[in-house]
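Chains, contacts and geometry: an overview
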Amino acid sequence: MIEIKHVSKSYKKGEKVVDNINLEINDGEIFGFIGLNGAGKTTTIKMITGILEIDEGNIFIDGKSIITSPIEAKKQMGLVPDSPDMFLKLKGIEYLNFIADCYNVSKEERIERIEKFAKEFEIYEDLEDKIESYSHGMRQKIVIIGVLLHTPQNWILDEPITGLDPKSAYDLKKTMREYANSGKTVFFSTHILEIADELCDRIGIINKGKIIFVGTLKELKEKFGDKKTLEEIFLDII
Amino acid sequence: MKEKIKNIINLTMVYIKENNESLKIINFKTRQINKRNIIFWTYVILLFAITYVSYQAVEYLKKIGKPEIFLNGYFLFLEILIILKTIILSINIFYFSKDIENILYLPLKPVEILLSKFNTLLYMNYEMELIFGLLPFIIYGIYNSLSLMYYINLILVLIIFPIFATLIVSIIMIFLMKTIKLFKNKDLMQIIITFILIAILMVFLNETMQYIFNNMSNIQNNQQGTLDLVNDKIIETNKYFLSIYPATKILEENNFKVIVYYFELIVINLLGFALFYFFGNKFYLEQLLKANFYFKPKKNKKIKLNKKVKKYQIGKSYLKKEIKLLTRNPMFFMQSIYNVILITVVISILIIALVPQFRQVMQIEEYKEQFKDLKFDIEAVCIIIGLIQITTLFNYCSITAYSREGKYAYYLKTLPVSLHKQFIYKNISQIFLNTICAIIILIMINLEIPEISGEYFYTMFIISFLMIIINSFILTLIDLLMPKLEWDSEYEILKNSKNKLLQYVLIVFNVLFLNYIEKIFEKYNLDKSLYAFIGILICILIIFNILFNKFKNKLYKNIN
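Treat the numbers as computed from the prediction; the structure is a model and nothing was measured.

Next up on the list: the interface of chain A and chain B. In this assembly, 46 residues from chain A lie in contact with 36 residues from chain B. In total, about 4000 Å² of surface goes out of reach between chain A and chain B, with carbon and sulfur atoms giving 59% of it. On inspection of chain A and its partner chain B, the count reaches four salt bridges. Note that R328(B) and E94(A) form a salt bridge whose closest N and O atoms lie 2.6 Å from each other. At the boundary of chain A with chain B, the tally comes to 15 residue pairs in polar contact (both at pLDDT 80 or more). Per-element tally for the side of chain A that touches chain B: the top contributor is helix 3 (residues 92-102) of chain A, with eight residues. Its residues assigned to classes, the side of chain A that touches chain B shows 21 nonpolar, six polar and 19 charged.

Looking now at the packing of aromatic side chains. All names here are of chain A. Taken as a whole, this structure holds 37 aromatic pairs over all chains when the rule is applied. Between W155 and Y179 the ring centres are 5.1 Å apart and the planes differ by 70 degrees, which places this aromatic pair in the edge-to-face class. Here W155, found in strand 7 (residues 154-158), pairs with Y179, found in helix 6 (residues 166-181); they are 24 residues apart in sequence, far enough to count as distant. In this structure, W155 and Y179 share a single accessibility class: buried.

Bringing the sheet that holds strand 4 (residues 56-61) of chain A into the picture now. Residues and elements named next belong to chain A. Here four strands make up an open sheet; going across it, the order is 2-1-4-5 and the pairing antiparallel. Edge positions in the open sheet fall to strand 2 (15-25) and strand 5 (64-65), since each of these has one partner strand only. Sheet topology places strand 4 next to strand 5; two bridges connect them, and they run antiparallel. If you follow F60 over to strand 5, its bridge partner there is S65. In this fold helix 1 (residues 41-48) packs onto strand 1 (2-12), strand 2 and strand 4, with an angle of close to 120 degrees to the strand it touches most, strand 1.

With that settled, consider the pattern of salt bridges. According to the stated counting rule, one finds 30 salt bridges over all chains in the structure shown. Across the pair K75(A) and E72(A) runs a salt bridge, and its minimum N-O distance is 3.8 Å. Of the two residues, K75(A) and E72(A) are both situated in helix 2 (residues 70-75); the distance of three residues between them amounts to about one turn of the helix. Since its relative accessible area comes to 40%, K75(A) is described here as partly exposed. With relative accessibility at 35%, the residue E72(A) sits in the partly exposed group. In this structure, E128(A) engages K91(A) in a salt bridge whose closest nitrogen and oxygen atoms are separated by 3.9 Å. Pair noted here: E128(A) is in the loop between helix 4 (107-120) and helix 5 (136-149) and K91(A) is in the loop between strand 6 (77-80) and helix 3, with a separation of 37 residues, a long-range link. According to the relative accessible area criterion, K91(A) is partly exposed, its value standing at 24%. Three or more residues are tied together by salt bridges with common partners; here these are K321(B), E322(B), R404(B), E405(B) and K426(B).

The rules behind the values
- Residues numbered from 1 in each chain as written.
- Chains lettered and ligands numbered in written order.
- Predicted model: local features only at pLDDT ≥ 70, side-chain atom pairs only at ≥ 80, totals over all residues.
- Heavy atoms only, no water.
- Contact = heavy atoms within 4.5 Å.
- Buried area = accessible area lost by both parts, 1.4 Å probe.
- Salt bridge = Lys/Arg side-chain N within 4 Å of Asp/Glu carboxyl O.
- Polar contact = N/O pair within 3.5 Å; in protein donor to acceptor, adjacent residues only side chain to side chain.
- Helix = DSSP H or I, 4+ residues; strand = E, 2+ residues; numbered from the N terminus.
- Nonpolar A, V, L, I, M, F, W, Y, C, P; charged D, E, K, R; others polar.
- Phe/Tyr/Trp six-rings, centres within 6.5 Å; stacked < 30°, edge-to-face > 60°.
- Buried < 20%, exposed > 50% of the residue type's maximum accessible area, 1.4 Å probe, protein only.
- Pairing = 2+ DSSP bridges.
- Axes fitted to C-alpha atoms, helices over the stretch in contact; angles between N-to-C directions.

Next up, the structure:
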């Protein structure tokens, strides 16, 4: 469960990029965080994951504050960044070992999960290659496997579908649904409305740093016009 | 032909402009010097330092009537700098720079790309010459009251001088690229070729030094004679470098006869250029394509997870990751590990070569009196530790600790590993390498000066080790506060880096600190002084760690 309470952030004095936002993302749901480029999505994700300091408010991950108990809070989550060009000189298997060591995953669990997910994502035979030789989609997959290795209670993804081929995008969406069905939280940002429409249990719309809507897609349509498409509603309210 | 020259000039201008803009010394919009730029001020300080040292050297040599030693010696120094810089840069510029993919599809001939790249390399050498070469020679001219002709010749010589060395290194590199077929692993390729080129230079310099020192073993009993001998040997060495001798002669003779030496220089350069053009034309495109577009055939690999999956403690795992990122990346390897190996070897050679010479000088009746009070005291300790500090000057592990991770360095902050612990792990590579370097230097000194009691070596090791840790912490902190995370090629991290310059400032500060320590403790018992010194360093280390832990979130705020 992720609780965001009265959180604000500004990079320049007097210019809040995130302005007093409140969100509660429950276990077992997929929550889509929607907004235009520069709306404050990535800044919010960076605050949730402890990358950015919070100016005001607090964020709790399964009841652990990211400010006062950062290590405990971080153990409860895993992040897939928007463009995963990290640790390029490591081999896929070395990267997974490193991440598993960070989260203290046992050897038996590692073997079982690496085998399962690497085969599922069709990169099992590439694990001995350096990440730099991977395509964008493969890099995304290895980072996703890295997160799933320690089965965090909260899975956070920043623009996860961008750059993926249709097959990989389908596999990822399927995994996200399965993950949420197992009682875990999936929080992801996107600006592609179709994905939100297809995948999310609830959505939050952020515009100029402020949350302007939180609820289900049904509630959104009821509130802003039943006959309009999601795209039309979105463009109306921002 | 006209079209070809136009293409070469255009491409060269693009590369040069890119290089200048990354320096940010000149604001190209306002066409003014950016006085807030730390690189600008470091260059100013460097120019002052070089001017001062050159002035001292020229004044001394003039006083003893041997001013020409400066010309011979300084040209040799400049040539070695040019060769080293070309070795480090050439393979990256010619074969592995990121721009190659973007220019290969343009309607340019390979030789046009090759010559533009060569011009860029040459331009970078001119930049270096401007800092290290111009002022010392001007000072020489002023101090020896030379005519206007000298300054005209100086400008012409400095323009022609770096061409030959740059050509030769580039030709050797083309040959090595042709000979060593390691395109499957281009990282390894870069490391090996740079290693071979530097090894060739080191062997050559070592042989030359041995030759000079062997001839000096029959040391003469007067300073004048010794200097004559040194000058003769430098001239002999210069002749091996082909372009130094005529360049020196032009500035030395300063009359119309110098046309012969100009002719010699031009012929050497033309021959070098012809060879470069010939081999470049023949091999460059083929090598360039292999280096940039090698596709590894896919094999069905059956990975044995039982063997490949290993569980380690987080500290060990983090360190393994750091070492892999350092060693598998040619630029990081050369900028950190390779530098340390090289400088340790050079310092060791110097200790082995110079200490026996110094002992011989001490035996000469004339000098015996001067050295009779020589003893091992706090001053000697500070000199040895200062020497170790200088050898660590070129280790860039810590100063690039976070920058190496690139724009995804922020991912480290999402890991459930304390930021303080990650900071410590980031320091281990530099501490380890510098400690090895310190041990080797102390062993060398112990072997050459057995008079120093063994227990002092342990104490000196502890002091050096503590200083290495403190230095590494400070350098990593600098990188943490001012990381360079936005880069396309690894070379950019250190290219014109402000942090790198701060590393040099730190070493100067360390030397001043050692000087201060020496002044404080010079009247006290050596053992007690050393223990007090260790105590001071431990206190600094503890305070640093307490403060870091307290402010870690604030310190990490630029990694985002």
